[in-house]
Amino acid sequence: MTAVVLPYRPRGHAARRVFLIVACWAGMSGCVYYNGIYNAQAAAKSADSRLRRDNETEASAQFQISAEKAESVLVRHPNSKWRARALYLAGRGAALGSQCEKGIPRIHQYLTLAGQPRDDRDRARVALASCDVRASRLAQARAILDSLIDSPNRTTAQQSRIWAARAALAMGDRDAVAVYLQTLDGNVLQWELVTASIEAREFVRAESLLILRAKQGDFREEAARSVREMASRGEWRLAEHIVNAYDRARIRDAQRANLHFLLGDYSLRVGRDSSATQHLFAARTLGSRDSVIARESSVRLALLSLPRMTALRELDSLLALQDSASLRTTFVRRVSEHALFVRMLEGKEDPTGAALFLAAEVARDSLRAPRLAQSLFLRVAREVNGSILAPFALHAAGTLVPDSLGDWHSRIIADYATSSVAARLRGEDPAGAPDYIAAAELLRFTWLESSRFWVDSVRKLRAPPPKSAFPVKR
């Protein structure tokens, strides 16, 4: 049987492509359209689609492609009938692709042409205003954008409102931002407003915005940064609201674990043990078993008893119970290094008591073990007879037990009446006391000397083991 070969008849997009190729053969104008304008318009359409989904990063890349394709038409065929369209695509694409130095001249050339479609002219003006915003010509940008925010073209109106809100945000007019966005969801800009509010220390505004983002299940790194900033500034109630809102949101467990860990870690640093326990336990539960957050949360929970410890041997016993993976965590390594420094200072032969005093300060400030610190401060006053640091040590020990602070003050005034500490407690100028400068200089000298040895020791502990000179046979 003889095979019958039917002629190929392209359909749909394939037919259009064949037609355009034939058009190229028929005349130069068709080649200009197919090789440049068609591809530039396709990239611009793709970019606009991404803008509507608030994906500005990908949209910017597509706009750059659109501008490059259109620019090639302007360079190779400056007098073709597609010049106006090429100017529009090249200018708008470059402007919205963050290449304003290329886009602005092309947009100005396009806007001088008569008879161009209104929608295209308006979109070009929005792109031009976006460059004004980037160049901090904010009032000029808002004047253009305010005239376009009620455009019948939905895309033009949306982009006008978004860029007008950005201009208002840069001007510090955050109340106007809400007005511009009242008809939009504007996820991208909402996050920009969150960032601006955090930077301006307007934490209440940031919290309300993040609660709305949480209800939408919209999580970004800015949420974690906001919790971190609020916790570091002592805005615990606002930080708790945000973490709890995201805990109820439909986001990944790893993201929820990260927020709980951040708040738990900051709570632990300032002695908010109850809050730390709650959030670190949640972080450990939500994190996968072998994740960094799960391990870091576990060791922090295990070391929550640090504030109650009175001797370093208790810390050694606790660390001995941890597995090898936990011992390699950042938190345990930091605790171990600070404990090493306390040991080095405590064991140093120093008749002035300065090393022991510094050991107490490290225990208090770095290990956050106030009971251990208090016992070391008291040893300075008890064991180093005649030390000029004795009244300073008694005062520091007293601040760690506020209930008995009055008794400590009375003892300092009675036993060390000539000290600068006693003078300060009596309301006198301490600068005239003989120990006022001597004590500070003694501590400074001892710290510089001891910390140098400690840093060298830590560096040796962190150094990787040397490679064997002889390869191991397998």
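Everything discussed here concerns the structure shown above.
Definitions and cut-offs
Residues numbered from 1 in each chain as written. Predicted model: local features only at pLDDT ≥ 70, side-chain atom pairs only at ≥ 80, totals over all residues. Heavy atoms only, no water. Helix = DSSP H or I, 4+ residues; strand = E, 2+ residues; numbered from the N terminus. Buried < 20%, exposed > 50% of the residue type's maximum accessible area, 1.4 Å probe, protein only. Contact = heavy atoms within 4.5 Å. Areas by Shrake-Rupley, 256 points an atom, 1.4 Å probe, with all protein chains shown as cover. Axes fitted to C-alpha atoms, helices over the stretch in contact; angles between N-to-C directions. Parallel < 35°, antiparallel > 145°, perpendicular 65-115°, else oblique. Left-handed = near helix turned anticlockwise from the far one by under 90°. Nonpolar A, V, L, I, M, F, W, Y, C, P; charged D, E, K, R; others polar. Disulfide = S-S within 2.5 Å. Patch = residues over 30% accessible without salt bridge, like charges linked within 9 Å, V, L, I, M, F, W, Y side chains within 5 Å. Salt bridge = Lys/Arg side-chain N within 4 Å of Asp/Glu carboxyl O. Lys, Arg positive; Asp, Glu negative; His and termini not counted. Charge placed at Lys NZ, Arg CZ, Asp CG, Glu CD. Phe/Tyr/Trp six-rings, centres within 6.5 Å; stacked < 30°, edge-to-face > 60°. Lys NZ or Arg CZ within 6 Å of the ring centre and 35° of its normal. Polar contact = N/O pair within 3.5 Å; in protein donor to acceptor, adjacent residues only side chain to side chain. Core = buried A, V, L, I, M, F, W, Y, C linked by side-chain atoms within 4.5 Å. Expected span 1.5 Å × (residues − 1).

**Examining the overall build of the protein chain**
- Along the protein chain, the regular secondary structure elements total 25 helices and 0 strands.
- Across the 474 residues in the protein chain, those meeting the buried criterion constitute 46%.
- Within the protein chain, counting contacts between residues at least 6 apart in sequence, those at least 24 apart form 55% of the total.
- When the accessible surface of the protein chain is summed, it comes to about 25,800 Å², and 53% of that surface belongs to carbon and sulfur atoms.

**Side note on the packing of helix α6 (residues 118-134) against helix α8 (residues 154-170)**
- Relative to each other, α6 and α8 sit at 15°, their axes nearing to 10 Å. Comparing their axes, α8 and α6 come out roughly parallel. You can see that α6 and α8 cross each other, and the crossing is left-handed. Judged by residue contacts, Asp119, Asp122, Arg123, Val126, Ser130, Val133 and Arg134 of α6 engage Thr155, Thr156, Gln159, Ser160, Trp163, Arg166 and Ala167 from α8.
- Of the residues assigned to the contact of α6 with α8, the class counts are 4 nonpolar, 5 polar and 5 charged.

**Some points on the state of the cysteines**
- Enumeration over the complete set of coordinates arrives at 1 disulfide.
- With a sulfur-sulfur separation of 2.2 Å, Cys100 is cross-linked through a disulfide to Cys131. Note on the Cys100 and Cys131 pair: the S-S dihedral is about -90°, so by sign convention the disulfide is left-handed. With Cys100 in helix α5 (residues 100-111) and Cys131 in helix α6, this pair connects stretches of sequence that are 31 residues apart.
- Classification of Cys131 by relative accessible area gives buried; the value is 2%.

**What about unusual backbone geometry?**
- The backbone of Ser136 shows a phi angle near 65°, a positive value even though the residue is not glycine.
- Looking at the secondary structure, you find Ser136 in the loop between α6 and α7 (138-146).
- Given the relative accessible area of 57%, Ser136 is considered exposed.
- We note that Arg368 has phi near 55°; this positive angle belongs to a residue other than glycine.
- Tracing the sequence through the fold places Arg368 in the loop between α20 (354-365) and α21 (370-383).
- The class of Arg368 is partly exposed, set by a relative accessible area of 40%.

**Focus on a positive patch on the surface**
- Residues Lys45, Arg52, Arg53 and Arg154 make up a contiguous surface patch of positive charge.
- Inspection of the secondary structure puts Arg53 in the loop between α2 (28-52) and α3 (56-76).

**Some thoughts on the packing of aromatic side chains**
- Overall, the coordinates contain 5 aromatic pairs when judged by the stated rule.
- Between Phe341 and Trp454, the ring centres sit 4.6 Å apart and the planes meet at 10°, which makes this aromatic pair stacked. Note that Phe341 is positioned in helix α19 (residues 330-346) and Trp454 in helix α25 (residues 435-462), a separation of 113 residues in sequence.
- On the basis of relative accessible area, Phe341 is assigned to the buried category, the value being 2%.
- Taken together, the aromatic side chains of Phe341, Trp447 and Trp454 make up a single cluster linked through ring pairs.
- The residue whose ring lies beneath Arg269 is Tyr266, and the NZ or CZ to ring-centre distance is 4.6 Å.

**Side note on the pattern of salt bridges**
- Applying the stated criterion across every chain, the model contains 31 salt bridges.
- A single network of salt bridges, built from pairs that share partners, joins Asp265, Arg269, Glu296 and Arg300.

**Quick word on the environment of Arg256**
- Looking at the element boundaries, Arg256 is found in helix α14 (residues 253-269).
- On a C-alpha basis, the gap between Arg256 and Leu286 in space is 7.2 Å, while along the polypeptide they are 30 residues apart.
- In contact with Arg256, other than residues within four places in its own chain, are Tyr246, Asp247, Ile251 and Leu286.
- At a separation of 2.8 Å, a polar atom in the side chain of Arg256 contacts the side chain of Asp253.

**Focus on the nonpolar core**
- Within the largest apolar cluster, 75 residues are counted, with the highest numbers of intra-cluster contacts made by Val227, Met230 and Tyr246.
- Counting residues in each nonpolar core, the second largest holds 49 residues, with Leu286, Leu356, Ala359 and Val362 among its members.

**A short note on helix α4 (residues 83-96)**
- In this model, α4 (14 residues) spans 20 Å end to end at C-alpha, consistent with the 20 Å of a helix rising 1.5 Å per residue.
- A large share of α4 lies buried, amounting to 12 of its 14 residues.
- Regarding α4, the residues found buried are Ala84, Ala86, Leu87, Tyr88, Leu89, Ala90, Gly91, Arg92, Gly93, Ala94, Ala95 and Leu96.
- Where α4 ends, the next residue or the one after it, Ser98, has phi of about 65°, a positive value.

**Observations regarding α8**
- The terminal C-alpha atoms of α8, which comprises 17 residues, lie 25 Å apart, in line with the 24 Å expected from a rise of 1.5 Å per residue.
- Counting buried positions over the 17 residues of α8 gives 14, a clear majority of the element.
- Here α8 starts with a cap whose side-chain oxygen sits 3.1 Å from the backbone nitrogen of Thr155, and that cap is Asn153.
- Looking one or two residues beyond α8, the residue adopting positive phi is Gly172, at roughly 80°.

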